[in-house]
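So you can see what is in the structure, the chains are spelled out below.
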Amino acid sequence: MTKRFNIIITFFILISLLFGCANVPKNPNTPKPEVKNPKVIPLPPIEVGAYDVEEILSKMSLEEKIYQMMFVTPETISSNVKDPLSAETMAEYPVGGIIYFSNNLANEAQIKKMISETQNNSRIKLFIGVDEEGGRVSRLSGIGSIEKLSPMKEIGDAGDTNKATEVGKHLGKGLKELGFNVDFAPVADVIIREDNNEIGDRSFGTDANVVALMVGEFVKGIEEEGVLSVLKHFPGHGSTYANSHNGYSESERELNELRQTELLPFKKGIESGSKFVMVSHMTLVNATEEKLPSSLSKEVITDLLINELSFKGIVITDSMSMGAITNEYSKKDATLMCIKAGADMILMPPSPKDAFDAIYAAVQSGEITEERINESVRKILKVKKEKGII
C-alpha cells in the first residue's frame, strides 16, 4: 500500500513540475538561436584534385550538387561586395561559380586578393567569371595588363582573323593574371537586323562565315591562355528588335534560316574548343513548338544545341535576373523549367537560396531525378578537372 502511495505521489510531482516549467514566462531578452541552413553539409576534408569526377560526385551531398549548378553574383550570397567570400559563406552556399561586375572590382591588388581568398575558402574550386568582351562591354579595361579594346565589329569588318586571335590571347592572359578562369565572351551572334540594339557592335558583323571565323580564332586565343570562353547568346540574338534585359524578346527566324546563318559561329566555336555555351532568353516564335524563351526550351537546348550540334560541354543560361524571365515567370518556375530543358548552370539567379529550395523540393518529390542533377554536375566537374581548376 505504501509503495503504491509513493508511486502516486511521485507521479503527481512529475506532472506538477512538467506543467510548472511550461508556464514559466520567457525572458524576452533571451537571444534566439541562430538558424543555419540544415541542408548544406560541406564535403569531408579531402584533396579533391586527387580524385576522378565520379569519386568526387559520390562524396557530394545532393545539396552540394544543386548549388554546384549555380553561377552567382557575390551580393546574392553575402554582404561582401569587394571582399573575399568567407569559408562560412562558401560552406552555406557551395556554388559552382562566381561572376564579378564593375562594382566588385577596384584595382589589381584588390581583385587578386578577393579571388584568391574566395577560392581558398571554397571546398570545390570555383569558376570565376567576368564579362570582358572588349569594346563597350568591359569590366576590367585599364586594370592590370588589360587594355581598352575596339568593338569586335571593327575586327570583323577588317576581316583580320589574326587580330581576333590576338584579342583572345590578350584578354586570356590579362584575366588569368588576375585570377579569372572564365570569360563570358565571345559574342557569337550574327547581326541580322540593323536596328538590333542589344548586340550591335558587340558582334563581329553581319556575315555568318566571317563571324564564325572570328569566333573560332578568339576561342583559340583565349583558351590557349588557360581561360574558358563562353559562346553567347545561343541560338543567336542578332535578329531581335527588343532587349531581353528589359522584357520579352522574340525572333521570327525559321529553323532552316538558323542552321544556314546564326548557328555557324556556335559550331565553329565548339569545334575550336569552347566548353561553355550561354543560351539567350529570346523566344523563337517560328522555329519551335514550345514558344518559350530559349533558356527554358527543351527544343532549343536539348534538341538543337546538345543533340543536333553535339555539344558536350556546359550549357549555361543567360542571367536569370533579366526582364525576359522575371517579368514572365516566377523564380521557382523559371529555375525548374531551365533544368528540365537541359541547362547545366543557372546564371545569376535572383535568389540562390530560392533556386536551391525549388530544385531540392523537386528532387524530393520526384519531379526532377537526382540523376538529372548528376548529369550536369559531371559536366561541371569534368571541365574543372580538365582545366586544372580542381
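In case you missed it, the structure is sitting above this.
Residues numbered from 1 in each chain as written. Predicted model: local features only at pLDDT ≥ 70, side-chain atom pairs only at ≥ 80, totals over all residues. Heavy atoms only, no water.

Here we take up the environment of N256. For N256, the location among the structural elements is in helix α9 (residues 255-260). Through-space distance from the C-alpha of N256 to that of A287 is 8.4 Å; in sequence the pair is 31 residues apart. A polar side-chain atom of N256 sits 3.3 Å from a polar atom in the side chain of R259. (Helix = DSSP H or I, 4+ residues; strand = E, 2+ residues; numbered from the N terminus. Polar contact = N/O pair within 3.5 Å; in protein donor to acceptor, adjacent residues only side chain to side chain.)

Moving on to the sheet that holds strand β1 (residues 70-72). Spatially, the eight strands line up as an open sheet ordered β11-β9-β7-β6-β3-β2-β1-β12, and their pairing is parallel. Two strands close off the open sheet at either side, each with one partner strand: β11 (314-317) and β12 (346-347). Alignment of strand β9 (residues 276-279) against β11, held across four bridges, turns out to be parallel. Looking at β11, one finds that F276 is bridged to I314. (Pairing = 2+ DSSP bridges.)

Across its 17 residues, helix α8 (residues 208-224) extends 24 Å between first and last C-alpha, which sits within 8% of the 24 Å expected from 1.5 Å per residue. Buried within α8 are the following residues: A208, V211, A212, M214, V215, G216, F218, V219, G221, I222 and E223. At its buried positions, α8 is contacted by α6 (152-158), α7 (161-178), β6 (182-183), β7 (228-234) and α10 (263-271). By the N-cap criterion, in which a side-chain oxygen at the helix start approaches the backbone nitrogen of a residue two or three places on, α8 is capped by D207, the distance to N209 being 2.9 Å. (Expected span 1.5 Å × (residues − 1). Buried < 20%, exposed > 50% of the residue type's maximum accessible area, 1.4 Å probe, protein only. Contact = heavy atoms within 4.5 Å.)

All right, on to empty space enclosed by the protein then. Think of a ball as big as a water molecule: rolled over the atoms, this probe shows where empty space is left. Per the counting criterion, the structure on display carries two cavities of 30 Å³ or more. Taken as a whole, the largest cavity encloses approximately 70 Å³ of empty space. Lining the largest cavity are 10 residues, and of these Q68, P94, S122, R123 and I124 sit closest to its centre. Its residues assigned to classes, the lining of the largest cavity comprises six nonpolar, two polar and two charged. (1 Å grid on protein atoms, 1.4 Å probe; cavity = no way out; pocket = protein on both sides within 12 Å on 5 of 7 lines; lining within 4 Å. Points joined across faces, edges and corners; volume = space filled by probe spheres on them. Nonpolar A, V, L, I, M, F, W, Y, C, P; charged D, E, K, R; others polar.)

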